[in-house]
Amino acid sequence: MTVLAVADHRRGQLRDVSYELVTAGRELADDLGGDLHVACVSGDVDGFADDLSLDGVDTIHTVDHGEEFNHDVYLQVVEVLDAELDPTVVLMPNSVNGLDYAPAVASALDRPLVTDAVELAFEDGLVATREMYASKVETTIETDAERVAVTIRGGEWPPAEDHGDPAVEPFDLAVDESRVRSRVTGFEEVAGGDVDIGDADVLVSVGRGIEEEENIELVAELADAMGATLSASRPIVDNGWLPKNRQVGQSGKVVTPDVYIAVGISGAVQHVAGMKGSDTIVAINTDPNAPIFDIADYGIVGDLFDVVPALIEEFE
Amino acid sequence: MKVLVTVKEVGEAADDFEIDGLDIAAEYLEYDLNEWDEYAVEAAVQLVEAGHADEVVSVTIGPERTEETIRMALAKGVDRAVRVWDDAIAGAGLLDVEAKARLLEAVVAEEEPDLVLTGVQANDDGFGATGVALAERVGYEWAAVVNDLELDGEVAKVHRELEGGVEEHAEVDLPAVLTIQTGINEPRYASLRGIRSAQSKEIAPKGLGELGLDAGAVESPLTMTGMYEPETESDATIFEGSAEEAGAELAAVLREKGVGAE
């Protein structure tokens, strides 16, 4: 009974979720009374294997093929490792790249797939906790399938840190190039521009609650009165109301200001991932159950169109 | 070229709601077209306008009620729609990723599109996996989390939105399934004329039998066993009172932290 975890990396660096996969994988392997195998596919696989030589890992499989992630390659590698190891659980990250190959792996291997798990256990079968309805509820999903595939949400398990001594086994795989029908042609940093919200000590951040583009001016006024920098959550940038370099979140900028004021932001997990390291977090939102209040230090439950003008008056 | 767009009606929960068994009680849900799918529909319609595509067909999995929502896609320029549902699907419990992919696979086999567009995820169950699972089942190439799309002959040139403000540029051979991220375009509003013309567009209902499937297609090894509101972890200091009173208290705390200091 083994668990196979597939590491995530980009541009030469392991991503944090790789270390979290080790923790989650070890817990499941303990539930199963089995071993934890980790796969490092493409890139500097020897360097990644060094970094992932952690306590709790039994074997690391390295597959030296290409520099960067390619889902066609990952699919083939996991298929072959699956045939070799017959793992009970294949564990992958719920990252952008994870979402680009995990569903194909599950489908090809005829394993049920649970994505974006925030808690996992293995009893008679897998028991996974995941969120629904924009994080308003949690659900438990169970299966008695003998073989499953799971992706885990980043940031939910502590990263494994203690050094260990796993076996490292280079895996020589002849990739079927006729099945590689996608090509990565480059990368682009898209969050550049005149303002770096990562430098700001105080950020006033505006979200979907602002309703209309012209209302952004109200929050800009507040930022101005406070001597703060204006930032935003994803919907504001998607709507073209503010440029991409103002976006806080998983796909935007990760910020750690002294004070972060979230105005009309509900606190979706992708947004929280980008600002939870702020020293002081303030939330202004009409919904007392909005997840942003779970991480806020101070809050006002109220209509931003009443609260923001009152705050502007205080700071002018 | 034919484009197939998968669309889904999703329930959005009110701020205050109650759970009834294994779902949010119906009276607390408002139904709407899944946000990610709106961007996928717009991307498809723009391909027609640019002369790349001749026809856009939408497919949804859902009961008759969902036709009202699906008509929004038709009003925005989708030519016709297929709605997959029957009693066996209704009684199947959790429709997991693979079950949905099996249903959509049958529609792809019938329609033979050159390109399939799906939203990255649905706002209700958030599995984020159906598009890529479908691609693997039908033997199409794919790309997930696409926020820029350009067609060049038999190749789709895409940008994939990675984490941390980085985009990957990639080329994907057609036929392909692309899962579309919000922000790729600006979804249009349905015009009055579009809404009127949508009334006469076809929404073809299809059950399992018509798709050449049986009840086994929607059997899932996954079972939802619990739904609950997460315990609030908030230890925030909440300022009460009128906007002015609460604002004054918050301002005092912020000033102490140096906010607004000249």
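In this report, we go over the structure that sits alongside the text.

Calculation criteria
- Residues numbered from 1 in each chain as written.
- Chains lettered and ligands numbered in written order.
- Predicted model: local features only at pLDDT ≥ 70, side-chain atom pairs only at ≥ 80, totals over all residues.
- Heavy atoms only, no water.
- 1 Å grid on protein atoms, 1.4 Å probe; cavity = no way out; pocket = protein on both sides within 12 Å on 5 of 7 lines; lining within 4 Å.
- Points joined across faces, edges and corners; volume = space filled by probe spheres on them.
- Helix = DSSP H or I, 4+ residues; strand = E, 2+ residues; numbered from the N terminus.
- Nonpolar A, V, L, I, M, F, W, Y, C, P; charged D, E, K, R; others polar.
- Contact = heavy atoms within 4.5 Å.
- Buried area = accessible area lost by both parts, 1.4 Å probe.
- Salt bridge = Lys/Arg side-chain N within 4 Å of Asp/Glu carboxyl O.
- Polar contact = N/O pair within 3.5 Å; in protein donor to acceptor, adjacent residues only side chain to side chain.
- Pairing = 2+ DSSP bridges.
- Axes fitted to C-alpha atoms, helices over the stretch in contact; angles between N-to-C directions.
- Parallel < 35°, antiparallel > 145°, perpendicular 65-115°, else oblique.
- Left-handed = near helix turned anticlockwise from the far one by under 90°.
- Phe/Tyr/Trp six-rings, centres within 6.5 Å; stacked < 30°, edge-to-face > 60°.
- Buried < 20%, exposed > 50% of the residue type's maximum accessible area, 1.4 Å probe, protein only.

All right, on to empty space enclosed by the protein then. What the rule picks out here adds up to two cavities of 30 Å³ or more. In this model, the largest cavity occupies a volume close to 70 Å³. Taken together, 13 residues make up the lining of the largest cavity; nearest its centre are A:His71, A:Asp100, A:Ser182, A:Val184 and B:Glu168. For the lining of the largest cavity, the secondary structure elements donating two or more residues are strand E13 (182-189) of chain A together with strand E9 (141-152) and strand E11 (166-173) of chain B. A breakdown of the residues in the lining of the largest cavity according to their chemical character gives six nonpolar, three polar and four charged. Here the second largest cavity defines a volume of roughly 40 Å³. Taken together, A:His9, A:Arg10, A:Glu68, A:Phe69, A:Asn97, A:Val184, A:Phe187, B:Leu162 and B:Glu168 form the lining of the second largest cavity. Mapped by element, the contributors of at least two residues to the lining of the second largest cavity are strand E2 (9-10) and E13 of chain A. Looking at side-chain class alone, the lining of the second largest cavity contains four nonpolar, two polar and three charged residues.

Interfaces are often sized by the accessible area lost when the parts come together. Across the boundary between the two partners, chain A contributes 81 residues, which contact 85 residues of chain B. The contact between chain A and chain B buries some 7000 Å² in all, and 53% of this surface belongs to carbon and sulfur atoms. Across the contact surface, chain A and chain B share eleven salt bridges. A salt bridge links A:Arg181 to B:Glu141, with the nearest nitrogen and oxygen atoms 3.4 Å apart. Joining chain A to chain B, the criterion identifies 49 residue pairs in polar contact (both at pLDDT 80 or more). Here the residues of the side of chain A that touches chain B sort into 35 nonpolar, 22 polar and 24 charged. As defined by bridge partners, strand E10 (residues 137-143) of chain A adjoins strand E14 (residues 222-228) of chain B across six bridges and the pair is classed as antiparallel. Across the sheet, A:Glu138 pairs through a bridge with B:Tyr228, a residue of E14(B).

One open sheet accounts for ten strands, arranged E13(A)-E11(B)-E10(B)-E9(B)-E12(B)-E8(B)-E1(B)-E6(B)-E7(B)-E13(B); its pairing is mixed. Two strands in the sheet have a free side with no partner beyond their single neighbour: E13 of chain A together with strand E13 (203-206) of chain B. Taken pair by pair, the neighbouring strands of this sheet meet at an average axis angle of 30°, ignoring direction. By the bridge criterion, five bridges tie strand E1 (residues 2-6) of chain B to strand E6 (residues 55-61) of chain B in an arrangement that is parallel. Bridged to B:Val5 within E6(B) is B:Ser58. Strand contacts of helix H4 (residues 96-108) of chain A: E9, strand E10 (155-161) and E11 of chain B, with the helix running at about 105° to E9(B), the strand carrying the most contacts. Against the sheet, helix H1 (residues 35-49) of chain B touches E1, E6, strand E8 (115-119), E9 and strand E12 (176-180) of chain B, its axis set at about 150° to E8(B).

Next up on the list: the packing of helix H3 (residues 71-85) of chain A against H4(A). Residues and elements named next belong to chain A. At a closest axis distance of 9 Å, the pairing of H3 and H4 adopts a crossing angle of 40°. When the axes of H3 and H4 are compared, the pair comes out oblique. The two elements H3 and H4 meet at a crossing, and its hand is right-handed. Here H3 contributes His 71, Tyr 74, Leu 75, Val 78 and Glu 79 to the contact with H4, which in turn contributes Asp 100, Tyr 101, Ala 104, Val 105 and Ala 108. Across the contact of H3 with H4, the residue classes tally to seven nonpolar, one polar and two charged.

Looking now at the packing of aromatic side chains. Summed over the entire model, instances satisfying the criterion amount to four aromatic pairs over all chains. Between A:Tyr298 and B:Phe239, the ring centres sit 5.9 Å apart and the planes meet at 5°, which makes this aromatic pair stacked. A residue pair is termed interchain when its members come from two chains, as with A:Tyr298 in strand E18 (residues 298-301) and B:Phe239 in the loop between strand E15 (237-238) and helix H7 (243-256). On the accessibility criterion, B:Phe239 (8% relative accessible area) is buried. An aromatic cluster of at least three residues, connected via ring pairs, comprises A:Phe69, A:Tyr74 and A:Tyr101.

What follows concerns the side chain of A:His37. Residues and elements named next belong to chain A. One can find His 37 in strand E4 (residues 35-41). Residue classification places His 37 among the buried positions, given a relative accessible area of 8%. Every residue in contact with His 37, bar those within four places of it in the chain, is listed here: Thr 2, Val 3, Leu 4, Ala 5, Thr 59, His 61 and Leu 85.

What follows covers the sheet that holds E15(B). Spatial strand order, E15(A)-E14(A)-E16(A)-E17(A)-E18(A)-E15(B): six strands in an open sheet with parallel pairing. Pairing within the sheet leaves two strands with one partner each, and these edge strands are strand E15 (229-232) of chain A together with E15 of chain B. Pairing of strand E14 (residues 202-206) of chain A with strand E16 (residues 259-263) of chain A, which is carried by five bridges, proceeds in the parallel orientation. Note on E16(A): the bridge partner recorded for A:Val204 is A:Ile261.

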